[in-house]
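Below, each chain spelled out in residue letters.
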2 protein chains.
Amino acid sequence: MAIGGAEDKARDRVILRRFVELCGGSAARIVILPTASQLAGTGALYKELFTALGAERVDVLPVNTRDEAFERGYAADVRDATGVFMTGGNQVRLSSVLGGTPLAQAIRRANSSGVVVGGTSAGASILSEHMIAFGRRGSLPHQRMVHLAPGLGVTNRVIIDQHFRQRDRVGRLLTAVAYNPFLVGLGLDEDTAVVIDQHNELEVVGRHGVLVIDASDMRHTNVHDAGGHAPLSMLGVHLDVLVHGYRYDLERREALAPEPAEG
Amino acid sequence: MAIGGAEDKARDRVILRRFVELCGGSAARIVILPTASQLAGTGALYKELFTALGAERVDVLPVNTRDEAFERGYAADVRDATGVFMTGGNQVRLSSVLGGTPLAQAIRRANSSGVVVGGTSAGASILSEHMIAFGRRGSLPHQRMVHLAPGLGVTNRVIIDQHFRQRDRVGRLLTAVAYNPFLVGLGLDEDTAVVIDQHNELEVVGRHGVLVIDASDMRHTNVHDAGGHAPLSMLGVHLDVLVHGYRYDLERREALAPEPAEG
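Criteria and cut-off values
- Residues numbered from 1 in each chain as written.
- Chains lettered and ligands numbered in written order.
- Predicted model: local features only at pLDDT ≥ 70, side-chain atom pairs only at ≥ 80, totals over all residues.
- Heavy atoms only, no water.
- Contact = heavy atoms within 4.5 Å.
- Buried area = accessible area lost by both parts, 1.4 Å probe.
- Salt bridge = Lys/Arg side-chain N within 4 Å of Asp/Glu carboxyl O.
- Polar contact = N/O pair within 3.5 Å; in protein donor to acceptor, adjacent residues only side chain to side chain.
- Helix = DSSP H or I, 4+ residues; strand = E, 2+ residues; numbered from the N terminus.
- Nonpolar A, V, L, I, M, F, W, Y, C, P; charged D, E, K, R; others polar.
- Least-squares fit on C-alpha atoms with pLDDT ≥ 70 in both.
- Buried < 20%, exposed > 50% of the residue type's maximum accessible area, 1.4 Å probe, protein only.
- Axes fitted to C-alpha atoms, helices over the stretch in contact; angles between N-to-C directions.
- Parallel < 35°, antiparallel > 145°, perpendicular 65-115°, else oblique.
- Phe/Tyr/Trp six-rings, centres within 6.5 Å; stacked < 30°, edge-to-face > 60°.
- Lys NZ or Arg CZ within 6 Å of the ring centre and 35° of its normal.
- Arc of directions from axis to C-beta.
- Pairing = 2+ DSSP bridges.

Draft legend 1. The interface of chain A and chain B, seen in detail. Taken together, the contact between chain A and chain B spans 38 residues of the former and 39 residues of the latter. Surface buried jointly by chain A and chain B totals about 3,500 Å² across both partners, of which 55% is contributed by carbon and sulfur atoms. Two residues, Arg93(B) and Asp225(A), come together in a salt bridge whose shortest N-O distance is 3.1 Å. Counting across the chain A and chain B interface gives 26 residue pairs in polar contact (both at pLDDT 80 or more). Within the residue set of the side of chain A that touches chain B, elements represented by two or more residues are helix H3 (66–69), helix H5 (91–98), strand S6 (130–135), strand S7 (146–150) and helix H8 (170–179) of chain A. Its residues placed into classes, the side of chain A that touches chain B shows 16 nonpolar, 15 polar and seven charged.

Written out as structure tokens, the structure reads:
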């Protein structure tokens, strides 16, 4: 589950409630990685939230350095969990602290054996193999507008951006997809999440929208010729804008509206 | 096989000869992708070279646009080949033209079923999952010094840089590895290549050197805090410099000197 940041923590808590449900509800054992955050209270805040939403057990793993990410106990904690949650903050902190450590390996392996891995904001960005590290604002793509870095690789086919509409990030996501249209771009608004299941089908949960960029049929781009910070051309890009309850099949690259209510 | 560019084409042709041998020598059926290059004669030049080195059959696939990369015939040509060779030029042209097309899929699949996939310069960069798209010169790492893009993903664990010593690229490779030390950085000098076998062991072939950067034991970096274009810290990075005949085990991250000659 990837959350676009700033998810509701005070009212219905639709997204965090869904995360706990996915982790097993009253049987959920969740570990929280506050590594991305500089704020000491972030882990404790999510522990309180998940506990209030009925999780059986919630532990914060205080991993702030690479040394700590090498401690065997934390990787074991991940293997014992039904869910792993990464907080917001700075995604390059996550990739540079966790990358190549036993903890990162434990998270990837747990996910492939069915453990739910989720995160918000930076914790959402890190989930993909190709991660947006930083970039500039703007609605149209420009050369050198986005910096990519390797993420955790929990999911491979998508590239995730967050705080999407709130921070004017369409241009940088288009730029990332122009580099290699193998990627599907997902722009997640705040208080909005996607749940990706084991069949690579995603579902939108939350208050705003998700932009899906599919350039697999793109017939032309000047991304290899455009110099400096020049604007990019991209011909033949498919966009879908999804809201709560909509789904998208990442294998077939097809958006699915919800079934109409009966009656 | 990844070549650092500017390989010898006139004298012993050690690297290109080795490529033909790997593809089956006199039984080699090689397809050439000149997509990265803007020069019309590049494909024909390599066709002439591989033919002179004894390959049974050499075909140039004239793929310059995404439309052409969707043509079924070319994917079939790749499936029938024993080797695929990508020329130099611009690696973002390769990723933006080939990404997400049946031709890219055919190359990845051919490689996993034993077909040799090689390239020089841009054609070397594109081989890795995380590709260096462009960057700045310099011997020490700086924030935002390197732009990554998704490559073909023929190999996953390494990130390849080329024209390495000749274009002063140590800093940008260090920067890429700092983002996520899961990656092993390979800096290939001109007229120097690595052959990576199915056990993830690589061997150096050619005239100059290969720098291997392993930051898996790196205990600290400021990459997540350094603003703008600030210099980066990286504590505890392992370097190996290899020359012709040396090997490196990418699984164990260990360099191996050649056996001493018998006497």
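Draft legend 2. Looking closely at the relation of the copies chain A and chain B. Take chain A, turn it by 180 degrees, move it 0.0 Å along the axis, and it overlays chain B with an RMSD of 0.0 Å. As the rotation angle and translation indicate, the two copies are arranged about a two-fold axis.

Draft legend 3. View of the environment of Ala226(B). All names here are of chain B. Positionally, Ala226 belongs in the loop between strand S13 (220–221) and strand S14 (234–235). Classification of Ala226 as buried rests on a relative accessible area of 13%. Sequence-wise, Ala226 and Arg144 are 82 residues apart; in three dimensions their C-alpha atoms are separated by 9.7 Å. Once residues within four sequence positions are removed from consideration, Ala226 is found in contact with Gln143, Pro231 and Leu232.

Draft legend 4. Region of the structure containing the packing of helix H1 (residues 14–22) of chain A against helix H2 (residues 42–52) of chain A. Residues and elements named next belong to chain A. Close contact between H1 and H2 brings their axes to 10 Å; oriented N to C, the two are set at 70 degrees. One way to sum up the angle between H1 and H2 is to call them roughly perpendicular. Between H1, through Leu16, Phe19 and Val20, and H2, the contact on the second element is made entirely by Tyr46, Leu49 and Phe50. In terms of residue class, the contact of H1 with H2 is made up of six nonpolar, no polar and no charged.

Draft legend 5. Quick peek at the side chain of Glu129(B). Structurally, Glu129(B) is set in the loop between helix H7 (122–125) and strand S6 (130–135). A polar contact of 2.8 Å, which involves the side chain of Glu129(B), links it to the side chain of His130(A). When residues no more than four places from it in sequence are discounted, the contact partners of Glu129(B) are Glu129(A), His130(A), Asn156(A), Ala149(B), Pro150(B), Gly151(B), Gly153(B), Thr155(B) and Asn156(B).

Draft legend 6. Examining H8(A) more closely. Across the ten residues that make up H8(A), a large majority, nine, are buried. Among the residues making up H8(A), those that are buried are Gly171(A), Arg172(A), Leu173(A), Leu174(A), Thr175(A), Ala176(A), Val177(A), Ala178(A) and Tyr179(A).

Draft legend 7. Seen up close, the packing of aromatic side chains. On inspection of all chains with the given rule, the structure shows twelve aromatic pairs over all chains. Summarising the aromatic geometry, the rings of Tyr46(A) and Phe85(A) are spaced 4.9 Å apart at their centres and angled 40 degrees between planes, so their arrangement reads as tilted. Residue Tyr46(A) is located in helix H2, and its partner Phe85(A) is located in strand S4 (residues 83–86); the two are separated by 39 residues in the primary sequence. Taken as a pair, Tyr46(A) and Phe85(A) share a single burial class, namely buried. Ring geometry for Tyr46(B) against Phe50(B): centres 6.0 Å apart, planes inclined by 40 degrees, an arrangement best described as tilted. With Tyr46(B) and Phe50(B) both in helix H2 (residues 42–52) and four residues apart, the pair spans about one turn of that helix. Accessibility classification places Tyr46(B) together with Phe50(B) in one group, the buried group. Following the ring pairs from residue to residue traces out a cluster consisting of Phe19(A), Tyr46(A), Phe50(A) and Phe85(A). Directly above the aromatic system of Phe70(B) lies the positively charged group of Arg219(A), at a separation of 4.5 Å from the ring centroid. Taking the ring centre of Phe134(A) as reference, the NZ or CZ of Arg144(B) above it sits at 4.2 Å.

Draft legend 8. Structural context of H2(A). All names here are of chain A. Among the residues of H2, Thr42, Gly43, Tyr46, Leu49 and Phe50 are the ones counted as buried. In an axial view of H2, the angular spread of the buried residues amounts to 125 degrees, which keeps them on one side of the axis. Along H2, the residues that are exposed and aim more than 90 degrees away from the buried face are Glu48 and Ala52. Next to the buried residues of H2 lie H1, strand S2 (29–33), strand S3 (57–60), S4 and strand S5 (116–120). Gly54 sits one or two residues past H2 and shows a positive phi near 100 degrees.

Draft legend 9. Main features of the pattern of salt bridges. Residues and elements named next belong to chain B. Within the structure shown, the criterion is met by 28 salt bridges over all chains. For Arg172, the salt bridge identified is with Asp161, shortest N-O distance 2.7 Å. Within this pair, whereas Arg172 is found in helix H8 (residues 170–179), its partner Asp161 is found in strand S8 (residues 158–161), the two being separated by eleven residues in sequence. Owing to a relative accessible area of 4%, Arg172 belongs among the buried residues under this scheme. For Asp189, the salt bridge is made with Arg165, and the minimal N-O distance between the two is 2.6 Å. Of this pair, Asp189 sits in the loop between strand S9 (184–188) and strand S10 (192–196) while Arg165 sits in the loop between S8 and H8; the two residues are 24 residues apart in sequence, bridging distant segments of the chain.

Draft legend 10. How the structure looks around the sheet that holds strand S9 (residues 184–188) of chain A. All names here are of chain A. Taken together, the four strands give an open sheet; going across it, the order is S8-S9-S12-S15, and neighbouring strands pair in mixed fashion. The open sheet has two edge strands, strand S8 (158–161) and strand S15 (238–242), and neither has a second partner. Neighbouring strand axes in the sheet, compared pairwise and without regard to direction, differ in orientation by 20 degrees on average. When strand S12 (residues 210–214) meets S15, the two strands line up antiparallel, connected through five bridges. Bridge assignment links Val210 to a residue of S15, and that residue is Leu242.

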